[in-house]
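Secondary and tertiary structure notes
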Amino acid sequence: MSLRAKLLLVALSILALPWAGWQFVRQMETLLRQGQEQALLASAEALARGVAVRPGGLPAAGDSWFVHPLDFAPRLDGEDSDWRGATAVPLAFGAPRPWVRVVAGRANERLHLWISVDDTSAQRGDAHWPADLAFDRLHLRLQGRGGDLALRLANASPGELRVAGEDGLPPPVRVEGAWREREGGYDIELALPQDFSVRAIGLRVQDVDAGGEKRFAGTLDAAGQVRPAPLHGFLASLEPALQALAPEGMRVRVADREGWVLARAGELRADESEEDILPWRRGLYRALLFRDVTATADEPPMARRLVRAEVARAVAGTPAVAWRRDPAGARLLLSAAVPLEVAGQTRGALLIERSNSEVLLLTDQAFSGLLGVSLVAFLASGGIILLFATRLGQRIRRLRDAAEHALDREGRVTPFPRTNARDEIGDLSRSFARLLDQVAAYTDYLRSLSGKLSHELNTPLAIVRTSLDNLDDARLDPQARVVVARARDGVERMGHLVRTMSEVTRIEHAIEAAEAEDLDLHALLRGCAEAYEALLAPRSLQLELPAGPLPLRAAPELLVQALDKLVDNARGFTPEAGWVRLSAAREEGGVRIALANQGPLLPETMRGRLFDSLVSLRDSSQRAEGAAHLGFGLYVVRLVADLHRGHAEARNLPAGDGVEFVLHLRGMP
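Here's a quick rundown of the structure. The residue numbering used here restarts from 1 in each chain and proceeds along that chain's sequence as written. Owing to the predicted nature of the model, reporting of local features is limited to residues with pLDDT of at least 70; listing and counting of side-chain atom pairs is limited to 80 or more, with chain, interface and lining totals taken over all residues. Excluding hydrogens and water, the side-chain figures rest on all heavy atoms present in the structure.

A closer look at the packing of helix α10 (residues 521–536) against helix α11 (residues 556–573)
Under the convention used in this document: Axis definition: a line fitted to C-alpha atoms, over the contacting stretch in the case of helices. Angles run 0 to 180 degrees between N-to-C directions. For the purposes of this entry, the term helix denotes a DSSP run of H or I that reaches at least four residues, the term strand denotes a run of E that reaches at least two, and both are numbered from the N terminus. Whether a crossing is left-handed or right-handed is set by the direction in which the near helix is turned from the far one by less than a right angle, anticlockwise for left-handed and clockwise for right-handed. Whether two residues touch is decided by their heavy atoms; if any such pair falls within 4.5 Å, the residues are in contact. Gly is placed with the polar residues, together with every amino acid not listed as nonpolar (Ala, Val, Leu, Ile, Met, Phe, Trp, Tyr, Cys and Pro) or charged (Asp, Glu, Lys and Arg).
Running from amino to carboxyl end, α10 crosses α11 at an angle of 35°, the nearest separation of the two axes being 11 Å. Seen from above, α10 lies across α11 with right-handed handedness. Contacts between α10 and α11 involve L521, L524, L525, C528, Y532, L535 and L536 from the former and L559, V560, L563, D564, V567 and R571 from the latter. Here the contact of α10 with α11 is composed, by residue class, of 11 nonpolar, no polar and two charged.

Side note on a nonpolar patch on the surface
Rules: Here a patch means residues that are over 30% exposed by relative accessible area and free of salt bridges, tied together within 9 Å if like-charged and within 5 Å if nonpolar (Val, Leu, Ile, Met, Phe, Trp, Tyr). Working definition of accessibility: Shrake-Rupley area with a 1.4 Å probe, residue cover restricted to the visible protein chains. The salt bridge definition used is simple: a Lys or Arg side-chain nitrogen within 4 Å of an Asp or Glu carboxyl oxygen.
There is a patch of nonpolar side chains on the surface, built from L407, L435 and V439 and spanning about 240 Å² of accessible area. Mapping L435 onto the fold places it in helix α8 (residues 424–473).

Some words on the sheet that holds strand β17 (residues 332–342)
The criterion, for reference: Strand pairing follows a simple DSSP-based rule, namely that at least 2 bridges must link the two strands.
Strand order in this open sheet of five strands is β15-β14-β18-β17-β16, and the pairing throughout is antiparallel. The two strands at the open ends of the sheet, each matched to only one other strand, are β15 (261–265) and β16 (320–325). Between one strand axis and the next, the sheet turns by 20° as a mean value, whatever way the strands run. In this structure, β16 lies alongside β17, joined through six bridges in antiparallel fashion. Within β17, the residue paired with V321 across the bridge is A336.

Some points on α10
Helical geometry: 3.6 residues make up each α-helical turn, so side chains three or four residues apart lie on a common side. Condition: A helix is expected to reach a length of 1.5 Å times the quantity of its residues less one. Bend is the name given here to the angle between axes fitted to two runs of seven residues, the run ending at a residue and the run starting at it. Three labels apply to residues, based on accessible area from a 1.4 Å probe with only protein chains included: buried if under 20% of the type maximum, exposed if over 50%, partly exposed otherwise in between. We define a polar contact as two N or O atoms separated by no more than 3.5 Å, with the added condition that, inside protein, one atom must be a possible hydrogen donor and the other a possible acceptor, whereas residues neighbouring each other in sequence contribute only through side-chain atom pairs.
When the terminal C-alpha atoms of α10 are compared, their 21 Å separation across 16 residues agrees well with the 22 Å that a helix rising 1.5 Å per residue should span. Bending of α10 peaks at approximately 25° at the position of E530. Restricting attention to buried positions, one finds in α10 the residues L521, H522, L524, L525, C528, A529, Y532 and L536. Structurally, α10 contributes buried residues whose contacts are with β19 (517–520), β20 (540–544), β21 (551–554), α11, β22 (579–587) and β23 (590–598). Regarding α10, its N-cap is D520, as a side-chain oxygen of that residue lies 3.1 Å from the backbone nitrogen of H522 further along.

Section: the packing of α11 against helix α12 (residues 633–643)
Each pair of packed helices can be summarised by the angle the axes make with each other and by the distance between the axes. Axis separation between α11 and α12 bottoms out at 9 Å; the angle between their running directions is 145°. With respect to the hand of their crossing, α11 and α12 are arranged in left-handed fashion. Side by side, α11 and α12 meet where L558, L559, A562, K565 and L566 of the first sit next to G633, L634, V636, V637, V640 and L643 of the second.

Brief notes about the pairing of β22
Sheet topology note: the β20/β22 ladder contains five bridges and is parallel. Its bridge partner lying in β22, S540 is registered against W579. Sheet analysis places β22 next to β23, joined by eight bridges and oriented antiparallel. Bridging from a neighbouring strand, R586 pairs with V591 of β23. A loop of two residues connects β22 with β23, the two strands running antiparallel in sequence, and G589 in this loop sits at a positive phi of about 90°.

What about the environment of D187?
With respect to the helices and strands, D187 occurs in strand β10 (residues 185–191). Owing to a relative accessible area of 3%, D187 belongs among the buried residues under this scheme. For the pair formed by D187 and W114, sequence separation is 73 residues and the distance between their alpha carbons is 7.3 Å. Looking at D187, its side chain comes within polar contact range of the side chain of R180, at 2.6 Å. Looking at D187, its side chain comes within polar contact range of the side chain of R182, at 2.9 Å.

Here is the structure:
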């Protein structure tokens, strides 16, 4: 992975900024919701205190009957199909398994009752029968402005309801109703007179089985006597007060201890986020911010009964709040329920609700600002890091290129670029420059060493040679003359070495001072080949030149010296019966000169080092007349090739019968 990619990867750490911002937004949203909960609870408690100061119409502290408001009077036929759902949650009596269900309703100022009794053993009789007879019957005790009224309800057969007083005589008021037999029991539906105002109702149901055993259920006290329970219903008179006290944009409902709605006021404010927030963002907030809210507000606004956990807790005496999702949008609905207490007794619960669209709008504003700031910060930081990584990569690549080209093909040190940068890369480049300066100084010393040695060795060699000449004139025994001859041979070898080193030094100086001229390489090679035939004899020389001239701008003396070195090298390795081939050809950008010879192959490990100074593959048998060989010949060939903007190479012939040395020349500038 490149340095720029690594720095870009590190730049991704800036994504922690929007993550931290998002956590802040969530925390802010949570705190805002808690603040709304406390504020709504305070509003609910204030409303509850305002309602409690006028407790008229609120349910009594003990058991009471809720009277459902009916849109129209039901047909008195014993069926509950026209009670518009009011019988879905009746008052139940009888233990341990309730077997009596009662519902009270009011329509056209008349009180209606629907009573359903489960009875598997029918023991029927009419209401006017004597009370000491054992048969199924109901006792109603009504309390109103005119006093108490006790009624007996019983039918020997289905049809019009039979009603009598407790003494079996006709009642003082006319009660209309119907007795309907059904499988497993019977149902009674009745209506009291319109002008008969009832404040409390007591009920006792007597069920007699086939053996004469009796069971009772209803509003009974511990002694089994009928205890009337007060009635309460929808309080339309309370709604103006609630409407005046309810905060704007909130919905308030008052419920009794069973959850039946007594009064309602206010409406929820419309969701302002529907137009201000894009749908995908509403969905995002709903998925991320409202994950802890699982309940859905599926209760209709005009519901008659509130079946909610917070209402149940409020009835139990503990204020409670709850959050619900609005099924029609992304907003939340917050509801708070508090107990309605009068004189220390809980008479019901007050529920207040509000929309949470403000939280959503604030969250959207915060999220939009966070998203914009994070995007700008990320782009700015990413751009700066990318620019820095690009600049850093370029500097490192330049340092790498300079290090790769610090040494040329001849081993000479090229100037290393220095930088004034005060960072680590600048320090590294200056360290490289100082190191290469030392290498260049040492290389120059090695290059001039041969000339210095040849100059310094000439004088002692001359002294030794003169001394040996003087010994030749002396009278020496044969054994001493052999030793002197060996010494003279060694001196001659050392002289050859000194001359060779001097020659290389002269060639290097000649290369530096060489002047280019335009020449025909075809004629030059042909003339050299004529001179090499006698030198290489008895070996055969093959000349392969293209038709026509080979123009090249070059230094002819240096080219001839390079060819002399190659021919001398080929002569030393080619057997006497072998062959040497000199060829030339045009190539792209210049000329190719090749000298091939039959003989041993080049070791693979030495192919890249043959043209270095002081490298030789000759053994004693391949040295002309036992002369020392320092390996300067091919080094001179490389210097000449470099002078002509080319290079030299050596390879084994494909047939495996010899080697080939090639000069690729482009000409001097």
